[in-house]
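# Coordinate analysis (summary)
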There are 2 protein chains.
Amino acid sequence: MSSKHVAIAGIGATEFSRDSGRSELRLAVEASLSALADAGLSPSDVGGLATFTLDNNDEQAVARALGIAELTFFCRTPAGGGGGCGTVALAAAAIAAGVVEVVICYRAMNERSQYRFGQPSTVGPKLVPTSSDVDASWSAPFGVATPASKMALSARRYMHVYGATSEDFGRVAVTERRYAATNPAAGFYGRPITLADHQASRMVADPLRLYDCCQESDGAVAIVVTSLERAKDLRQAPVAVLAAAQAIGPNQVGMASPYTDNPAQAVESRIVGDQLWKRSGLKPGDIDLAILYDHFAPAVLMQMEALGFCGPGEAPDFLRDGAMEPDGPLPVNTHGGQLGEAYIHGFNGMAEAVRQIRGNAVNQVVNAARVAVTSGSHVPTSGLILGSA
Amino acid sequence: MSSKHVAIAGIGATEFSRDSGRSELRLAVEASLSALADAGLSPSDVGGLATFTLDNNDEQAVARALGIAELTFFCRTPAGGGGGCGTVALAAAAIAAGVVEVVICYRAMNERSQYRFGQPSTVGPKLVPTSSDVDASWSAPFGVATPASKMALSARRYMHVYGATSEDFGRVAVTERRYAATNPAAGFYGRPITLADHQASRMVADPLRLYDCCQESDGAVAIVVTSLERAKDLRQAPVAVLAAAQAIGPNQVGMASPYTDNPAQAVESRIVGDQLWKRSGLKPGDIDLAILYDHFAPAVLMQMEALGFCGPGEAPDFLRDGAMEPDGPLPVNTHGGQLGEAYIHGFNGMAEAVRQIRGNAVNQVVNAARVAVTSGSHVPTSGLILGSA
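As the structure is a computational prediction, the values presented were derived from the model and not from experiment.

## Remarks on the overall build of chain A
When helices and strands are counted, chain A shows 13 helices and 11 strands. The C-alpha atoms of chain A give 19 Å as radius of gyration, which agrees with the globular expectation for 389 residues (21 Å, within 12%). For chain A, the proportion of contacts with a sequence separation of at least 24, taken over those separated by at least 6, is 76%. As presented, chain A carries roughly 13200 Å² of accessible surface, and 51% of it is formed by carbon and sulfur atoms. Distance between charge centroids for chain A: 1 Å, based on 30 positive and 38 negative side chains.

## Re the interface of chain A and chain B
Counting residues at the interface gives 54 residues for chain A, matched by 54 residues for chain B. Contact between chain A and chain B buries roughly 4500 Å² in total, counting both sides, with carbon and sulfur atoms accounting for 57%. Counting the surface chain A buries against chain B, the share from its top three residues, Q60(A), R64(A) and F74(A), is 17%. Summed over the shared surface of chain A and chain B, the result is four salt bridges.

## Quick look at the pattern of salt bridges
Scanning the model with the defined rule gives 40 salt bridges over all chains in all. Between R230(B) and D45(B) there is a salt bridge, with the nearest N and O atoms lying 3.2 Å from each other. Taken together, the residues span a long stretch of sequence, with R230(B) in helix α8 (residues 228–231) and D45(B) in the loop between α1 (24–39) and β2 (48–52) at a distance of 185 residues. Classification of D45(B) by relative accessible area gives partly exposed; the value is 27%. R178(B) serves as the salt-bridge partner of E325(B), at 2.4 Å between the closest nitrogen and oxygen. One end of the pair, E325(B), is in the loop between α11 (315–320) and α12 (337–340); the other, R178(B), is in helix α6 (residues 166–181), and 147 residues separate them in sequence. By relative accessible area, R178(B) is classed as partly exposed at 47%. One salt-bridge network, held together by shared partners, links E15(A), R22(A), R26(A) and E30(A).

## A look at the relation of the copies chain A and chain B
Least-squares fitting of chain A to chain B yields an RMSD of 0.0 Å, with the superposition described by an axial translation of 0.0 Å and a rotation of 180 degrees. Here the two chains are linked by the operation of a two-fold rotation axis. The overlap is high: 100% of the interface residues of chain A also sit at the interface in chain B, so the same surface is used on both sides.

## As for unusual backbone geometry
Excluding glycine, residues mostly carry a negative phi; peptide bonds, for their part, are mostly trans. Residue D206(A) is joined to P207(A) through a cis peptide bond whose omega torsion reads 10 degrees. Tracing the sequence through the fold places P207(A) in the loop between β5 (203–205) and β6 (208–209). Backbone geometry places A79(A), a non-glycine residue, at a positive phi of 75 degrees. Tracing the backbone shows A79(A) in the loop between β3 (73–77) and α3 (84–96). Classification of A79(A) by relative accessible area gives partly exposed; the value is 34%. Backbone geometry at H378(B) places phi at a positive 65 degrees, although glycine is not the residue there.

## Regarding the confidence of the model for chain A
On average, residues of chain A score 95 in pLDDT, and 97% of them are at 70 or above. Both confidence scores are given for the complex: pTM 0.97, ipTM 0.97.

## Topic: the side chain of H335(B)
Residues and elements named next belong to chain B. Turning to its location among the elements, H335 is positioned in the loop between α11 and α12. Classification of H335 as buried rests on a relative accessible area of 1%. Setting aside anything within four residues of it in sequence, one finds H335 in contact with Y179, A180, N183, A186, I291, E341, N348, G349, E352 and R355.

Cut-offs used in this document
Residues numbered from 1 in each chain as written. Chains lettered and ligands numbered in written order. Predicted model: local features only at pLDDT ≥ 70, side-chain atom pairs only at ≥ 80, totals over all residues. Heavy atoms only, no water. Helix = DSSP H or I, 4+ residues; strand = E, 2+ residues; numbered from the N terminus. Rg over C-alpha atoms; globule rule 2.2 N^0.38 Å. Contact = heavy atoms within 4.5 Å. Areas by Shrake-Rupley, 256 points an atom, 1.4 Å probe, with all protein chains shown as cover. Lys, Arg positive; Asp, Glu negative; His and termini not counted. Charge placed at Lys NZ, Arg CZ, Asp CG, Glu CD. Buried area = accessible area lost by both parts, 1.4 Å probe. Salt bridge = Lys/Arg side-chain N within 4 Å of Asp/Glu carboxyl O. Buried < 20%, exposed > 50% of the residue type's maximum accessible area, 1.4 Å probe, protein only. Least-squares fit on C-alpha atoms with pLDDT ≥ 70 in both. pLDDT = per-residue confidence, 0-100.

Below, the structure is given as structure tokens:
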């Protein structure tokens, strides 16, 4: 059995907020129970858990709190947001190999109320020098220490090489906030912005403005993955995992590599795309909508190019022509994305892809049958092609 | 293709010491290059990396230092030593599913010279309360905060329920030190001990004496995993992964669960064993020797029982009869184990299993064709059945 015979059978989430008021363990459990109920499964059906190395919940605690007696598959993806689709990719491989039948992929975090993600650590003991510290020595001494300040380097290079402007990034933000405005689950529900608003928003890390940056959110999302065969007997119409991929590119370093040949391109996203197209047998023109990881708006443009939705440097024109609008050729981040809905490390985007294929998204794309989903760019990254079964 | 069609094609290691004098990144790279050379592969053949969440090396840095241009598979196993065989299990599933062809599983650490593993953290800022902190609230306030002090609870219960004695644990230490004494790579090469030495060694955490505890080591080990078909074309005779498994048991918490029904049994090891026997079609009597994870000597007895090599409570008699000696029915930890060779989080045990099947171990078991290997007990754990192809 290949990964093509794997499906998403259930999705679940907590509310998204800036202060959940409860523990990350509870968030993980709530989202997982919600996803199991959506699938029509119970905790005793679950054999595996997959999440991020960054997730603070111990698998043993999640299993115990859910009431799972035995787990026979568990793994984590490194490096944060780039791992979202990767958890599904790893689960799909294990299911395809016959190692496990039902896996919950999840991410739960109080990323706004309990800590703020990506803050450089300046206090406390340093137990051991790591490879990451050596990598950081190229940027941290110059004040480049947060995700925004690192992504700013690639964004500036992208502007320099291709003539892109802040307005081009702004078009991503405006469109996503427009989608979010009609999504009751979104942090920015009812709060669209104009391009002028974007241009007036304060500079966070030149050239990234406030509205180019994703939200900081509390919340959890869980995705139930199982075999397509088993999914067909469950409550929801299965959403097939037509392809899944992970990638680390050449000479990659965190979010800003001093070694890369071309920081204006998201090479790791291109490697993900190459695998997705090869494994699914599809091409970019076959995709009805995309969920492109949007920690920062420029990443959406760079991924459009890396995945082949347009040529190198063509994303600004593609967007100016309304590509990612509801009636455009490639609606993108129809839930409002992480700029508009919430920043749950890409997991909320996977849930949106499932809703679109089921046909019950708040900003439903007509006849959405094939969706490309990505997690991360400029980090160890991953992607999926999901489709109606 | 199932995981049965996956093989170990190469093994590599640095020297084992108490002070490597170089970075953990360098250790990882040295062991990986050694394993690739052993297999007759080069870094450009490698598509995946698998290690522990606890490993301090970033995959991106390891790939860059090795000269791997593109990685399309990467994952980590949680919870320390229990993940060793788990990295191979995850790699095997991905290879079986056709996601990747060649994966390096590795663990590199300066666990003696740069930090000492398992030390409770008592300084520095606490960014966020986690499920692990809640779990620790059952033990830490009573001074049970290190692996030894946690394992001591299970060991004492095992003595109480089955009448085992400190001498029974000592027989594990004496036999492993005897194996280590003839292994030039071992930390205790040329330094066997007697049962009297064991009994005279100081109490670390009652009932665990110093010689019941594994070493603290600097070093790295790498294992190259690929398809059996590809392995057949490589430098070494392939060692087949006949079965691979992971397990978290019911109500498990770290190394000492306040919720478990029977702390005298290693339930998670029993769940690993159930899967290994089922998947391999073998039974305990088919196994020529075993590598049983030995962070602490009592774990070897409890795993013998959990895996079905003897009945519950029978391990002390089994050992008294010389079971794990070179000419016994089940030679165990023939490299000297982690008590005698080095503590590389179980990875050195996997390498020993490969050497035994190849027929070039220092303490070679005659006609060793099928080896059971485990990583961890009393934590999220894993195991393999390896065999001649």
